[in-house]
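Chain residues, written in single-letter form:
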Amino acid sequence: MKLFTLPVRLTRLAILLTIIQFCLHDLRAQQQPSEMVLRVNYLYLDLDLIDDPSFNRFSFREILNKEGKIQLRALETECAGLGDFQLSKIFGFMSWKDSVSISRHGSKVTIPPFWATFTLEVPATADYLKLMHFLNGAVPLIDYAEPSFKVEMLSPPDDTLYH
């Protein structure tokens, strides 16, 4: 026994395709985001510059060590000007030394290198999704690139301990 006849299936498929097309059109109509989160492989970073608390905004090229600049040159053959894109520290208070902690039992606990995560300012001329896809394939220099989501509180928390 068939659950749906062919005309019912086609009608549902047409409705689904219309909804998808409407959603895609709505996404394209929205303003392109101006920044994304970029995690750079810490092996390619200049650690002295990362530790400098006054150094918070810089070009991508500036924060790379010698090996990182070699990787960047290879990437710039496909994405011209990538080294000139501006980065900002997200965790400006952290240094590369914040990657290891000691537990209460005295053993070393590795902490992810949050200090290697930056905000990348996407130029208005760049295609945001293509750039993000390109950067996600830029292994080993880039660990990942993802949208920078903005979160807004609609109301204060009802937690009595909230400050």
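Residues numbered from 1 in each chain as written. Predicted model: local features only at pLDDT ≥ 70, side-chain atom pairs only at ≥ 80, totals over all residues. Heavy atoms only, no water.

Participant: Which residues make up the sheet that holds strand β3 (residues 86-89), and what values go with them?
Facilitator: Taken in spatial order, the 5 strands of this open sheet run β2-β3-β6-β1-β7, and their pairing is antiparallel. Each having just a single partner strand, β2 (57-59) and β7 (142-147) make up the two edges of the open sheet. Within the sheet, the average angular offset between the axes of one strand and its neighbour, ignoring direction, is 30 degrees. Where β3 and strand β6 (residues 117-121) come together, 3 bridges link them in antiparallel fashion. In the strand pairing of β6, S88 is matched with T119. Strands β1 (35-40), β6 and β7 of the sheet are contacted by helix α4 (residues 128-136), whose axis makes an angle of about 155 degrees with β7. (Pairing = 2+ DSSP bridges. Helix = DSSP H or I, 4+ residues; strand = E, 2+ residues; numbered from the N terminus. Axes fitted to C-alpha atoms, helices over the stretch in contact; angles between N-to-C directions. Contact = heavy atoms within 4.5 Å.)

Participant: Talk me through a nonpolar patch on the surface; I want residue IDs and the actual numbers.
Facilitator: A surface patch of nonpolar side chains, about 460 Å² in accessible area, is lined by L10, L13, L16, L17 and I20. Here I20 lies in helix α1 (residues 6-29). (Patch = residues over 30% accessible without salt bridge, like charges linked within 9 Å, V, L, I, M, F, W, Y side chains within 5 Å. Areas by Shrake-Rupley, 256 points an atom, 1.4 Å probe, with all protein chains shown as cover. Salt bridge = Lys/Arg side-chain N within 4 Å of Asp/Glu carboxyl O.)

Participant: How would you explain unusual backbone geometry if you had to name every residue and give the values?
Facilitator: Residue P140 is bonded to the preceding V139 through a cis peptide linkage, with omega at 15 degrees. Positionally, P140 belongs in the loop between α4 and β7.

Participant: Just give me the short version of helix α3 (residues 66-76), but keep the residues and values in it.
Facilitator: Turning to α3, its buried residues are G68, L72, L75 and E76. For α3, the angular spread of buried residues about the axis comes to 95 degrees, placing them on one side. In this structure, α3 carries K66 and R73 as exposed residues pointing more than 90 degrees from its buried face. On its buried face, α3 sits against α4. Capping the start of α3, N65 holds a side-chain oxygen 3.2 Å from the backbone nitrogen of E67, two or three residues further along. (Buried < 20%, exposed > 50% of the residue type's maximum accessible area, 1.4 Å probe, protein only. Arc of directions from axis to C-beta. Polar contact = N/O pair within 3.5 Å; in protein donor to acceptor, adjacent residues only side chain to side chain.)

Participant: Pulling in residues and values, what's your account of the side chain of R39?
Facilitator: Mapped onto the fold, R39 is located in strand β1. With no salt bridge to any partner, buried R39 finds its closest opposite charge in D143, at an N-O distance of 4.9 Å. Side-chain polar atoms of R39 contact the side chain of T117, separated by 2.5 Å. (Lys, Arg positive; Asp, Glu negative; His and termini not counted.)

Participant: Before we move on, could you go through the nonpolar core and cite the residues and values that matter?
Facilitator: F60 and L135 are the most contacted members of the largest nonpolar core, which totals 33 residues. Those elements that place two or more of their residues in this core are β1, α3, β6, α4 and β7. Sort the elements by how many residues they give to this core and α4 lands first, with 5 residues. In contact with F60, not counting residues within four places along its chain, are L38, V40, L72, L82, G83, F85, L87, L141 and I142. (Core = buried A, V, L, I, M, F, W, Y, C linked by side-chain atoms within 4.5 Å.)

Participant: Mind laying out the environment of S107, listing which residues take part and the relevant values?
Facilitator: Mapped onto the elements of the fold, S107 is located in the loop between β4 (100-102) and β5 (108-110). For S107, the contacting residues outside a window of four places in its chain are S101 and I102.

Participant: Which residues make up the packing of aromatic side chains, and what are the values?
Facilitator: The full count for this structure, using the stated rule, is 5 aromatic pairs. Note on Y42 and W115: the rings are 6.0 Å apart at their centroids and 70 degrees apart in plane angle, and the pair reads as edge-to-face. Taken together, the residues Y42 in the loop between β1 and α2 (47-51) and W115 in the loop between β5 and β6 connect sequence positions 73 residues apart. A residue is classified by how much of its surface remains accessible, and Y42, at 42% relative accessible area, is partly exposed. With 6.3 Å between their ring centres and 85 degrees between their planes, F91 and F93 make a pair best called edge-to-face. For F91, a relative accessible area of 27% translates into the label partly exposed. Since its relative accessible area comes to 69%, F93 is described here as exposed. An aromatic cluster of at least three residues, connected via ring pairs, comprises F55, F58 and F118. (Phe/Tyr/Trp six-rings, centres within 6.5 Å; stacked < 30°, edge-to-face > 60°.)

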